[in-house]
Amino acid sequence: MTSIASAVKRTFGEMTADQKQVDLQRDTVDPQKGHSSAGMTTMHGMPFDNTQTWLKATQPEGTGPALLEDQVAMEKIHRFDHERIPERVVHARGAGAHGHFHVFDDRASKYTFAPVLTDPSRTTPVFVRFSTVQGPRGSADTVRDVRGFATKFYTPEGNWDIVGNDIPVFFVQDAMQFPDFIHAVKPEPHNEVPTGQSAHNNFWDFFSLQSQTTHTVFWAMSDRGIPRSFRMMQGFGVNTFTLINAKGERHFVKFHWTPELGVHSLMWDEALKIAGQDPDFHRKDLEEAIVTGAYPKWKFGIQVLPESREHEFDFDILDATKIWPEELVPIEYIGEMTLNRCVDEFFAETEQVAFCTSHIVPGIGFSDDPLLQGRNFSYLDTQQSRLGTNWEQLPINRPVCPVLNHIRDGKHQSRITKGVNYWPNRFNTIPPTDEDKGGYHEFAQTLHGMKLRTRAPKFQEHYSQTELFYNSLSVVEKKHLIEAISFELSHCDDPLVYKNVIPQLNEIDHELAKAIAINVGGDMPPEPKRKSHGKRAIRISQMDFMPEKPLVKSRRIAILVADGFDIDVVEGLRAAMKLGSASTFIIGPRRGKISGATGTTSVMADHHFEGQRSTLFDALFIAPGAKSADTLKKDGRVIHWVREAFGHCKTIGAVGEGIEVIRKALQDVEKISLAPLAGQTDDATISYGVVTAPKISLSSTVTDVLMVGK
Ligand code: HDD
């Protein structure tokens, strides 16, 4: 990854005119000037060229006490001392990128008058921040966790934020439970363990006592909790919002992002290893895709319900622990988002970006979802503690439209507004905006009833959709989920916890509960009280999100070579992969020149065998060439590369003598046969993801199979 990032000149992508408009607002310093000593100044702007040496009362040889009068040195140290701000209380670790959004046509105008969702001539600049939830800023990317997927749309009607996750449901129904839930999942208070994990007593204790968490916990324990890439995750607004159309009619809506590349996950063993091998794996993956031009893309979809259908279902459509199954409410895809530009400075952009669920634009509204109502307060409030008053004026948060109101002053006020600071005033008694001019007006909702601390009846049922989720998974996904829960419970050392969890699991699926009880030493559960409904839903399993055509775009392919390898085949493979926007990396015995079979040509290896691991790649290719294969076969690390990749079900390709390396590495794997399979051409064999060909140049078979990815 680093080799590509450094070899390719860092690109900021193709900025659209609207993105440039956002950029004009930024006080970006030209990196060349910013780094030359000639252009340096103090914070008050005084030119200054020596930022390395403290002013001294010199004695001979330039030594002597440092002087307190050196304001420039003190300013530098003082600013350094204050570089840190509080990290986000949740979602502290993240990575961001710029991009743009457009709608395909005006079909959503039957639901909303918001131009961002209805005007196909618009390109709306966006900033997206992906995150993990539990871990601090310095934690690893590939931990098992929910991922945040927050999008800021810079529209002429103001900023609109969808502060979503990669999982469509949430752990609790009421915002008042959020602090309890987060305290339970965060590291335990006495020793601040574990980091970036939910594998501990308090989390599972909370799970066993709060059945409303079961649905989201099941999503998080499934492969969704360990995505291969931010670019291969779905995104969900989770809460129910509303859309208001030009006739003043209101619809309930859920927002969806569906990735172009399909939904893919790591294997748990990979995720664990990568957390140590490359804790920045997802962050670098996002940057690498943008830098190499394989821009991440998502389709934007809406699930819409008219007000008249609000009570039609056996779940409450305002309950954030429930999905709206797609067979009941299909998604309508209305637009597309592309991320095409890396951030210039992490702190100024990714760290200081501030999302608020309360940031909506005319044509979009809230619902009575009790989680959303609480979120609307929390996000506004948290920005104050993280960034201070006037955080909306930070370049990354500034709207692209004019901002006019009578809110004034406060720390770090950077706007100078002329005129009076109240309304009405002697110069103007006309309201600054009204509905006719597109001003935001709350939907006139009829309300009657009593003021009570209560929950609606359908909020009381918690197991039905958890079972629906579990039933909808493929056999492999179910197995992974059982293994994941078993792993987590194995890390709970209080028997009360793992014993209490089993009855909770039993209400969801009896067989699952029994399997986990055996794994973790829980009591064998009796027949559950709840009767299973046995239903399944579409587009829950990741298998339902395979791209229409297999794509190799942005996949990372390691090519293992040693001196004497067949350069023509390797170069052919690299060219084919490049055509599909995949990245290839030469891995050799050393990071340097590796000579080809003829001895006159060579390639530069990007890494040596010890410098990387198979876990960091999507596929392996073993180069042909007798001498090369002989070296590879004898290298224990290479054998481990192949065995590990095979264990993680990755595509492994080999041609000619390269096959011998695979044969050696997998000799004790009984099921694998490298003989031609029925239906395959004589010269190419595919078995358990291993593709081999005795003397192939580059047959379409190899290319096609590599394109399947994992
Ligand atoms: Fe939250 C951050 C997503 C419920 C309170 N949340 C935060 C971020 C995401 C979400 C993606 C990171 C934003 C960024 O990148 O800066 N949160 C969700 C989703 C929820 C949810 C999808 C359920 C539907 N959150 C939720 C509740 C509360 C909060 C119920 C409080 C009552 N969330 C916060 C917060 C954070 C936050 C404390 C921390 C940093 C921030 O807001 O800006 O206010």
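Residues numbered from 1 in each chain as written. Predicted model: local features only at pLDDT ≥ 70, side-chain atom pairs only at ≥ 80, totals over all residues. Heavy atoms only, no water.

Taking an unreviewed UniProt entry as the reference, the protein chain is identified by name as Catalase-domain-containing protein belonging to Thelephora ganbajun.

### Notes on the coordination of the iron atom of the ligand
Among protein residues, the single donor to the iron atom of the ligand is Tyr379 (OH), with a metal-donor distance of 1.8 Å. By the element assignment, Tyr379 lies in helix 12 (residues 370–387). (Donors = N, O, S within 2.8 Å, 3.2 Å for Na, K, Ca; no water. Helix = DSSP H or I, 4+ residues; strand = E, 2+ residues; numbered from the N terminus.)

### Side note on the packing of aromatic side chains
Under the criterion given, the structure shown has 29 aromatic pairs. Ring geometry for Phe130 versus Phe149: centroids 5.0 Å apart, planes at 80°, classification edge-to-face. A residue pair is termed long-range when its members are at least 10 positions apart, and Phe130 in strand 2 (residues 124–132) and Phe149 in strand 3 (residues 147–155) qualify at 19 residues. Each of the two residues, Phe130 as well as Phe149, counts as buried. Residues Phe203 and Trp204 carry aromatic rings whose centres are separated by 5.2 Å and whose planes lie at 90° to one another, so their mutual orientation is edge-to-face. (Phe/Tyr/Trp six-rings, centres within 6.5 Å; stacked < 30°, edge-to-face > 60°. Buried < 20%, exposed > 50% of the residue type's maximum accessible area, 1.4 Å probe, protein only.)

### Considering the site of the ligand
Every one of the 22 residues lining the ligand counts as a neighbour, but Arg88, Arg129, Arg375, Tyr379 and Gln383 are closest to it. Here an oxygen atom of the ligand sits 2.7 Å away from a polar atom, N or O, in the side chain of Arg129. With respect to the ligand, the side chain of Tyr379 contributes an N or O atom lying 2.6 Å from a nitrogen atom. For the shell around the ligand, the class distribution of residues is 11 nonpolar, 8 polar and 3 charged. (Near = heavy atom within 4 Å. Polar contact = N/O pair within 3.5 Å; in protein donor to acceptor, adjacent residues only side chain to side chain. Nonpolar A, V, L, I, M, F, W, Y, C, P; charged D, E, K, R; others polar.)

### Things to note about the confidence of the model for the protein chain
For the protein chain, per-residue confidence averages 90 on the pLDDT scale, and residues scoring 70 or more make up 88% of the total. For the stretch residues 1–13, pLDDT sits under 50, and the model shows 28 contacts to residues farther than four places along the chain or on other chains. Low pLDDT, under 50, characterises residues 675–680; the predicted model gives this stretch 8 contacts beyond four residues in sequence or across chains. (pLDDT = per-residue confidence, 0-100. Contact = heavy atoms within 4.5 Å.)

### Examining the layout of surface pockets
Approximately 1600 Å³ is the volume found for the second largest pocket. Around the second largest pocket, the lining comprises 42 residues; the ones closest to its centre are Pro399, Pro402, Val403, Leu404 and Asn405. Looking at the lining of the second largest pocket, the elements that each hand over two or more residues are strand 4 (158–165) and helix 12. Ranked by residue count, the leading element in the lining of the second largest pocket is helix 12, at 3 residues. In terms of residue class, the lining of the second largest pocket is built from 18 nonpolar, 15 polar and 9 charged. (1 Å grid on protein atoms, 1.4 Å probe; cavity = no way out; pocket = protein on both sides within 12 Å on 5 of 7 lines; lining within 4 Å. Points joined across faces, edges and corners; volume = space filled by probe spheres on them.)

### Thoughts on the side chain of Arg228
Following the sequence through the fold, Arg228 ends up in the loop between helix 8 (214–221) and strand 5 (235–236). With a relative accessible area of 1%, Arg228 lands in the buried category.

### Overview of a nonpolar patch on the surface
Among the surface-exposed residues, Trp54, Leu55 and Ile77 lie close enough to one another that they form a single nonpolar patch of about 250 Å² accessible area. Here Ile77 shows up in helix 4 (residues 71–81). (Patch = residues over 30% accessible without salt bridge, like charges linked within 9 Å, V, L, I, M, F, W, Y side chains within 5 Å. Areas by Shrake-Rupley, 256 points an atom, 1.4 Å probe, with all protein chains shown as cover. Salt bridge = Lys/Arg side-chain N within 4 Å of Asp/Glu carboxyl O.)

### Regarding the packing of helix 14 (residues 475–490) against helix 16 (residues 510–520)
At a closest axis distance of 9 Å, the pairing of helix 14 and helix 16 adopts a crossing angle of 40°. Relative to helix 16, the element helix 14 is oriented oblique. In the crossing of helix 14 with helix 16, the sense of the turn from one axis to the other is right-handed. Within the contact between the two elements, helix 14 uses Leu481, Ile482, Ile485, Ser486, Leu489 and Ser490 and helix 16 uses Leu512, Ala515, Ile516, Asn519 and Val520. Within the contact of helix 14 with helix 16, the residues separate by chemical class into 8 nonpolar, 3 polar and no charged. (Axes fitted to C-alpha atoms, helices over the stretch in contact; angles between N-to-C directions. Parallel < 35°, antiparallel > 145°, perpendicular 65-115°, else oblique. Left-handed = near helix turned anticlockwise from the far one by under 90°.)

### Re the nonpolar core
Core analysis: the largest hydrophobic core is formed by 50 residues, its most contacted members being Trp204, Phe218, Leu481, Ile485, Leu489, Leu505 and Ile516. Residue assignment for this core shows that the elements contributing at least two residues are helix 6 (178–185), helix 7 (201–209), helix 8, helix 13 (464–472), helix 14, helix 15 (495–506) and helix 16. Two domains each put at least three residues into this core: domain 1 (1–35 + 84–431) and domain 2 (461–544). (Core = buried A, V, L, I, M, F, W, Y, C linked by side-chain atoms within 4.5 Å. Domains from an automatic or database assignment.)

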